[in-house]
Amino acid sequence: MEGTTRYRERFAGSAARDHFRKQQNLWLSSIGIGTYLGNADDETDARYTAAVARAVQLGANVIDTAANYRFQRSERAIGAALRNLTEAKGVSRTEIVICTKGGYLPFDGAPPRDIRHYVEETFVKPGIAGFEDIVGGSHCMTPAYLQNQLQQSLGNLNLECVDVYYIHNPESQLGHVSEGEFFARLRAAFEALEKNRGGGKLRFYGVATWNGFRVPSSSGASGGYHSLARMVDIAREAGGESHGFRFIQMPFNLGMPEALTLSNQVVDGQQVSTLEAASALGLTVISSASIFQGRVAQGLPNDLRVTLGSLPTDAQTAIQFVRSSPGICTALVGMSRIEHVEENLKLISAEPLELSQFMQLFSTT
């Protein structure tokens, strides 16, 4: 915690009181930088490297990526940014919270000409994963595969330890295997991640989902539904009460509010939303798609903009909605340009909405 406390203190005179949130004994910024979109080329790599470094300088210490983002290039761009920050900008590694994901088969820098040949040579022949372990031609979460991917990500990022390691969209498995097989695979994955936690290669782990926590419970496993309480039970079986399953990531934005509005989880016999369930179970929620890849960053109704504080841009307004939501720790925003970083991070000086003001958005007057 000492490192993130020091980072928070850097912004004592400029950041709003609730810009940093204490979760899992860390101080996390309420806005983080995502690295999903963009071309797989050197120019975009350089822009991401500069954008990530600038975001950390301006008050965002949560950095999110994945092995498959831009064919591993996003992880490598972050690695370059971290070297610049720690060697030239006076920022300590412990001040930053680095999150990455494994699950989807990543290409290396660019798509191969023959995908099956690439998969066979890269994963099957070395014994990392069999074709029977790969669902939908693209997703795998066996212990051996996740071990390989974690090691690869640490190399790309030039790190010895990642702060949060997510299993990427585990619901991808549900259309291909039975519910029982899915939970057996999840438990094996959690056990492997607990071993790596003990070995100092990751601090926490979690699941990063798209649909899993956004569909009704009536959808069932075959419909891609995830029970958060059951996942926590599996984590306890794998790692005891001090298990490392402490983070979930899911989309949340003005157009996708289900984390807050849909009561699709059961905790202690009570039907609650995913955000309420996560809080009750001791999990931290990170929002992906906070501006929905730009789709909720333009043309917002004026009354909505007023309720959210009459901020200068629609993008800031959309981010303010997410970071003000009760139960969301960090709103991730994909930013590959310094000008977007500088515009969006002006928000760090703005207090998130009070709960009563935020809930006006859901009133039916």
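Look a little higher up for the structure.
Since this is a predicted model, take the numbers as computed values, not measurements.

## A short note on the overall build of the chain
- Scanning the chain for helices and strands turns up 13 helices and twelve strands.
- The C-alpha radius of gyration computed for the chain amounts to 20 Å, which stays within 12% of the reference 21 Å derived for 365 residues, consistent with globular compactness.
- C-alpha atoms of the chain, sized along the principal axes, occupy 55 × 50 × 40 Å.
- Contacts in the chain between residues at least 24 apart in sequence constitute 75% of all its contacts with a sequence separation of at least 6.
- Accessible area of the chain: about 14800 Å², with a carbon and sulfur share of 47%.
- Counting 33 positive and 37 negative side-chain charges, the chain places the averaged centre of each group 3 Å from the other.

## Quick look at the packing of aromatic side chains
- Summed over all chains, the structure comprises 17 aromatic pairs.
- Judged by centre distance (5.8 Å) and plane angle (40 degrees), the ring pair of Phe71 and Phe107 falls under tilted. Taken together, the positions of Phe71 in the loop between β4 (62-64) and α3 (73-88) and Phe107 in the loop between β5 (97-102) and α4 (115-124) put the pair 36 residues apart, joining distant regions of the chain.
- With a relative accessible area of 24%, Phe71 lands in the partly exposed category.
- Relative to Phe123, the ring of Tyr118 has its centre 6.2 Å away and its plane inclined at 85 degrees; by these criteria the two rings are edge-to-face.
- We classify Tyr118 as buried; its relative accessible area is 16%.
- Classification of Phe123 as buried rests on a relative accessible area of 2%.
- One cation-aromatic arrangement involves Arg230 over Phe183; the distance from NZ or CZ to the ring centre is 3.7 Å.
- Across from the ring centre of Phe292, 4.0 Å away, lies the NZ or CZ of Arg295, which sits over that ring.

## Quick notes on unusual backbone geometry
- A positive phi angle is found at Gln24, which is not glycine, with a value near 55 degrees.
- The topology assignment puts Gln24 in the loop between β1 (20-23) and β2 (26-29).
- Residue classification places Gln24 among the partly exposed positions, given a relative accessible area of 21%.
- The phi dihedral of Asn169 is positive, around 45 degrees, even though this residue is not glycine.
- Its location among the elements puts Asn169 in the loop between β6 (162-168) and α6 (179-198).
- Asn169 gets classed as buried once you look at its relative accessible area, which sits at 14%.

## Describing the nonpolar core
- In this structure, Ile63, Ile167, Leu186, Phe190, Leu228, Phe245 and Ile248 are the most contacted members of the largest nonpolar core, which totals 97 residues.
- Core analysis: the next-biggest nonpolar cluster, separate from the first, contains 13 residues, Leu26, Cys99, Tyr166 and Leu332 among them.

## Quick word on the layout of surface pockets
- Its volume calculated, the largest pocket comes out at about 750 Å³.
- Lining the largest pocket are 36 residues, with Tyr36, Leu37, Ala289, Gln293 and Gly334 positioned closest to its centre.
- Those elements giving two or more residues to the lining of the largest pocket turn out to be α2 (42-58), β12 (330-334) and α12 (338-344).
- Of the residues in the lining of the largest pocket, the class split is 14 nonpolar, 17 polar and five charged.
- Taken as a whole, the second largest pocket spans an internal volume of roughly 340 Å³.

## Considering the packing of α3 against helix α5 (residues 143-157)
- Direction vectors running N to C along α3 and α5 enclose 45 degrees, while the axes themselves pass 7 Å from each other. One way to sum up the angle between α3 and α5 is to call them oblique. Between α3 and α5, the contacting residues are Glu75, Arg76, Ile78, Gly79 and Leu82 on the first element and Ser153, Asn156 and Leu157 on the second.

## Things to note about the pattern of salt bridges
- Summed over all chains, the structure comprises 23 salt bridges.
- Two residues, Arg10 and Glu95, come together in a salt bridge whose shortest N-O distance is 2.6 Å. A residue pair is termed long-range when its members are at least 10 positions apart, and Arg10 in helix α1 (residues 2-10) and Glu95 in the loop between α3 and β5 qualify at 85 residues.
- The exposure class assigned to Arg10 is partly exposed, which follows from its relative accessible area of 42%.
- Here Lys101 and Asp64 are joined by a salt bridge, their closest N and O atoms 2.6 Å apart. Placement of Lys101 in strand β5 and of Asp64 in strand β4 is noted, with a sequence separation of 37 residues between them.
- Each of Glu2, Arg6, Arg10 and Glu95 takes part in salt bridges that share partners, so that together they form one network.

## Points about the environment of Ala189
- Within the secondary structure, Ala189 sits in helix α6.
- With relative accessibility at 0%, the residue Ala189 sits in the buried group.
- Here the alpha-carbon distance between Ala189 and Phe247, two residues 58 residues apart in the chain, equals 15 Å.
- Residue contacts for Ala189: discarding those within four places in its chain leaves Met141, Leu146 and Ile167.

## Quick notes on the pairing of β1
- In terms of strand pairing, β1 meets β2 through four bridges, oriented antiparallel. Bridge pairing in β2 links Lys22 to Trp27.
- Taken together, β1 and the strand that follows it, β2, pair antiparallel across an intervening segment of two residues, in which Gln24 is found at a positive phi of about 55 degrees.

Here is what the cut-offs are and how they apply
- Sequence order as written defines the numbering, with residues in each chain counted from 1.
- Given that the model is predicted, a residue must reach a pLDDT of at least 70 before its local features are reported, and side-chain atom pairs must reach 80 or more before they are shown or counted; all residues, however, enter totals for whole chains, interfaces and linings.
- Hydrogens and water molecules were not included; the side-chain quantities draw on all heavy atoms of the structure.
- Strands are runs of DSSP state E lasting at least 2 residues, helices are runs of H or I lasting at least 4, and numbering of each runs from the N terminus.
- When we talk radius of gyration, it's over C-alpha atoms, and the globule rule is simply 2.2 Å times the number of residues to the 0.38.
- Here, residues are in contact when the closest pair of their heavy atoms is within 4.5 Å.
- For accessible areas, the Shrake-Rupley method is used with a probe of radius 1.4 Å. Any residue's cover is judged against the shown protein chains and nothing else.
- The convention is simple: Lys and Arg are positive, Asp and Glu are negative, and His and the chain ends are not counted.
- To locate a charge, take NZ of a lysine, CZ of an arginine, CG of an aspartate or CD of a glutamate.
- Centres within 6.5 Å make a pair out of two Phe, Tyr or Trp rings, where for Trp the six-membered ring is used; the pair is then stacked when the planes are under 30 degrees apart, edge-to-face when over 60, and tilted otherwise.
- Exposure classes here rest on a 1.4 Å probe applied to the protein chains alone. A residue is buried below 20% of its type maximum, exposed above 50%, and partly exposed in between.
- Our definition puts a charge over a ring when NZ of Lys or CZ of Arg is within 6 Å of the ring centre and also within 35 degrees of the ring normal.
- Side-chain atoms within 4.5 Å link the members of a nonpolar core, which is a set of buried Ala, Val, Leu, Ile, Met, Phe, Trp, Tyr and Cys residues.
- Residues are called lining when one of their atoms sits within 4 Å of a cavity or pocket point, these points coming from a 1 Å grid over the protein atoms alone, where a cavity is a set in which a 1.4 Å probe fits but cannot get out and a pocket is an open set with protein on both sides within 12 Å along at least five of seven lines.
- Grid points are joined across faces, edges and corners, and a volume is the space filled by probe spheres set on the points.
- In this classification, Asp, Glu, Lys and Arg are treated as charged, Ala, Val, Leu, Ile, Met, Phe, Trp, Tyr, Cys and Pro as nonpolar, and every other residue, Gly included, as polar.
- Axis lines are fitted through C-alpha atoms, for helices just across the contact stretch, and the angle between N-to-C directions can take any value from 0 to 180 degrees.
- For classification, angles of less than 35 degrees are called roughly parallel, those exceeding 145 degrees roughly antiparallel, those between 65 and 115 degrees roughly perpendicular, and all remaining angles oblique.
- Any Lys or Arg side-chain nitrogen located within 4 Å of an Asp or Glu carboxyl oxygen qualifies as a salt bridge.
- When DSSP finds at least two bridges between two strands, those strands are taken to pair.

Distances and angles like these do not, on their own, reveal function.
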